[in-house]
Amino acid sequence: MTKGMSVVGPRPALPNEVATYNDYQRQRLLVKPGMTCYWQTRRNRDSITFDEWVDLDLWGARPVRRYAGACMLCCRQPAG
């Protein structure tokens, strides 16, 4: 984890990914990146669209939702 990262936030994007973002998707770049994200708590995480993933990133960045970050770590689905 680097100084500019949080525990919960969107995964850092690669430059070649950012080049394909539309205006809505670029909003996720305004959110402090993290080691894990809300997308990983979803049981259906392999079947959601990228826009739905962005929705989760932006949802988690709202100040009223930040407390949920600690709770989210307890609910994270194991990789598999």
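These figures come from a predicted structure and were not determined experimentally.

> Can you walk me through the pattern of salt bridges in this structure?
Two side chains that carry opposite charge are able to pair once their charged atoms sit near each other. Summed over the entire model, instances satisfying the criterion amount to 2 salt bridges. A salt bridge links Arg26 to Asp23, with the nearest nitrogen and oxygen atoms 3.6 Å apart. In this pair, Arg26 and Asp23 are both assigned in helix α2 (residues 23–26), 3 residues apart and thus about one turn of the helix distant. By relative accessible area, which is 62% here, Asp23 ends up exposed.

> Explain the packing of aromatic side chains to me, please; I cannot follow it from the model alone.
Two aromatic rings are characterised by how far apart their centres lie and by the angle between their planes. Evaluated as defined, the whole model comprises 2 aromatic pairs. Consider the rings of Tyr21 and Phe50, whose centres lie 5.4 Å apart with planes at 35°: the pair is tilted. Here Tyr21 is found in the loop between α1 (15–18) and α2, whereas its partner Phe50 is found in helix α3 (residues 50–61), with 29 residues between them in sequence. Assessed through its relative accessible area of 7%, Tyr21 is described here as buried. Arranged with centres 5.7 Å apart and planes meeting at 75°, the rings of Phe50 and Trp53 form a pair that is edge-to-face. With Phe50 and Trp53 both in helix α3, this residue pair falls 3 residues apart, about one helical turn. Residue Phe50 is classed as partly exposed on the basis of its relative accessible area of 27%. Chaining the aromatic ring pairs together yields one cluster made of Tyr21, Phe50 and Trp53. Geometry around Trp53 places Arg28 over its ring, the cationic atom sitting 5.8 Å from the centre.

Basis of the calculations
- Residues numbered from 1 in each chain as written.
- Predicted model: local features only at pLDDT ≥ 70, side-chain atom pairs only at ≥ 80, totals over all residues.
- Heavy atoms only, no water.
- Salt bridge = Lys/Arg side-chain N within 4 Å of Asp/Glu carboxyl O.
- Helix = DSSP H or I, 4+ residues; strand = E, 2+ residues; numbered from the N terminus.
- Buried < 20%, exposed > 50% of the residue type's maximum accessible area, 1.4 Å probe, protein only.
- Phe/Tyr/Trp six-rings, centres within 6.5 Å; stacked < 30°, edge-to-face > 60°.
- Lys NZ or Arg CZ within 6 Å of the ring centre and 35° of its normal.

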